[in-house]
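Coordinate inspection notes
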Amino acid sequence: MTSTFLSDQQGERNGPDALGAVPATHAARQRSRRRALHWLTAVGLQVPALALFGVLVLLPILFALYASFFRWGGFGMPSDYTGTDNFSRLFRDPVFLGDLWRMLLLVVLSLAVQLPFALAMAVLLNQKVRGRAAYRMLFFAPYVLSEAITGVLFSMIFAPDQGLADHVLKAVGLGGLGGEWFSGTSTVMATLFLVMTWKYFGFHMMLYLAGLQAIPAELTEAATVDGANPWQRFRHVTLPLLAPTLRISVFLSVIGAIQLFDLVWVVTAGGPDHHSETMAVTMFQYGFKRYQVGYASAISVVMFAISLVFALAYQRFVLRRDLEGATTNMRGAGA
């Protein structure tokens, strides 16, 4: 009886621990299963997108890099290996070197003219102006039009001696300023940039408007109470708080100038005498008009390299503070 009593006491002491270990183990297994299910769900949702990205983006990039080392007309598989001859030819080609110069010109003009104009219109339309909703829609409407429609429209507007632009200049007594537009080697880039500004400034204006409306009104009111004039409020309050939006706008503008194709192709096809060609237009000319696909692939590789280097450098040195702030906010929200 004594041994039975001792064993009962020992069971009472050990029983709850032994019984509690079973639910704890079961709960741990349930958590592991839920975690594994979450990972499988996440992977399953990402696989289709990653497969499409690999087939439609990564494989063409790798194949273009492979084809750039061959003299290839686009039929069959590349077989005439030439090493880096296509790249050597590329940087001796005056047309391609001109493409680089025109790319830099468009980038500078976009940053110096298009974006400041878009910012000025955004600041104006952020004020209490009568009919500002209509103005916003009017200025943003060109961005909605396709590049093909825009190109055809301005080809008719700037048609030599017959377009609307020449008729307007003649009506105000300035007919001597018209005539060439897209057909003159000295005027084609200026006219093309005018069309680009009309087409794209509304997009950047809407970006700036969104950024301006995110700035608390209390800060501007506090600056006004402290005696700041409109320029000082813009310089010391609005502009610093709008800086993240400005940085994104600059990035999109530069990448767009590097990869510009469709608007130029519809309006001028690179003419006259290559004076409006971009790298993308030159690539298309060699790849689909002259059937020098290997050389066109080398141009595409250089375009990709320029865009990638700029994007990485811009992210590293310009967007770093914005990305660090986003990462910190995400961590704080997760905590």
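Residues numbered from 1 in each chain as written. Predicted model: local features only at pLDDT ≥ 70, side-chain atom pairs only at ≥ 80, totals over all residues. Heavy atoms only, no water.

Considering the nonpolar core
- Formed by 39 residues in total, the largest nonpolar core has its most connected members in F96, L106, F158, F182, L263 and M279.
- The residues contacting L263, other than those within four sequence positions of it, are E147, T150, G151, V195, M196 and Y200.
- If you look at the next biggest cluster of nonpolar residues, it comprises 15 residues, including A118, F201, L209 and L242. (Core = buried A, V, L, I, M, F, W, Y, C linked by side-chain atoms within 4.5 Å. Buried < 20%, exposed > 50% of the residue type's maximum accessible area, 1.4 Å probe, protein only. Contact = heavy atoms within 4.5 Å.)

Focus on the side chain of T268
- Topologically, T268 is positioned in the loop between α10 (262-267) and α11 (279-289).
- Relative accessible area serves as the criterion here: at 15%, T268 is assigned to the buried category.
- Setting aside residues no more than four positions away along its own chain, T268 makes contact with F182, V188 and S276. (Helix = DSSP H or I, 4+ residues; strand = E, 2+ residues; numbered from the N terminus.)

Describing helix α7 (residues 188-213)
- In this model, α7 (26 residues) spans 38 Å end to end at C-alpha, consistent with the 38 Å of a helix rising 1.5 Å per residue.
- The largest bend in α7 comes to about 40°, at Y200. (Expected span 1.5 Å × (residues − 1). Bend = angle between axes of the 7 residues up to and from the residue.)

A short note on the environment of A228
- With respect to the helices, strands and loops of the structure, A228 is situated in the loop between α8 (217-225) and α9 (230-258).
- Given the relative accessible area of 19%, A228 is considered buried.
- In this view, A228 contacts A223 and R233; residues no more than four positions away in its chain are not counted.

Quick word on the pattern of salt bridges
- Summed over the entire model, instances satisfying the criterion amount to 3 salt bridges.
- Across the pair R102 and D99 runs a salt bridge whose closest N-O atoms are separated by 2.8 Å. A residue pair is termed a helical-turn pair when its members lie 3 or 4 positions apart in one helix, as R102 and D99 do in helix α3 (residues 94-125) at 3 residues.
- A salt bridge links E147 to K199, with the nearest nitrogen and oxygen atoms 3.8 Å apart. With E147 in helix α5 (residues 147-157) and K199 in helix α7, the pair connects residues that are 52 residues apart, well separated along the chain. (Salt bridge = Lys/Arg side-chain N within 4 Å of Asp/Glu carboxyl O.)

Considering the packing of aromatic side chains
- On inspection of all chains with the given rule, the structure shows 26 aromatic pairs.
- Ring geometry for F261 against W265: centres 6.0 Å apart, planes inclined by 15°, an arrangement best described as stacked.
- Classification of F261 as partly exposed rests on a relative accessible area of 25%.
- Judged by its relative accessible area of 25%, W265 falls in the partly exposed class.
- Ring geometry for Y286 against Y295: centres 4.7 Å apart, planes inclined by 80°, an arrangement best described as edge-to-face.
- The exposure class of Y286 is buried, given its relative accessible area of 8%.
- Aromatic rings pair up to connect F63, Y66, F70, W72 and Y81 into one cluster.
- Positioned over the ring face of Y286 is R290, at 4.4 Å from the centre of the ring.
- The ring of F317 has R316 lying over it, and the distance from NZ or CZ to the ring centre is 5.4 Å. (Phe/Tyr/Trp six-rings, centres within 6.5 Å; stacked < 30°, edge-to-face > 60°. Lys NZ or Arg CZ within 6 Å of the ring centre and 35° of its normal.)

So, the confidence of the model for the protein chain
- Looking at the protein chain as a whole, its pLDDT mean stands at 87, while 89% of the residues score no less than 70.
- Contacts for the low-pLDDT stretch residues 1-9, under 50 throughout, to residues beyond four places or in other chains number 0 contacts. (pLDDT = per-residue confidence, 0-100.)

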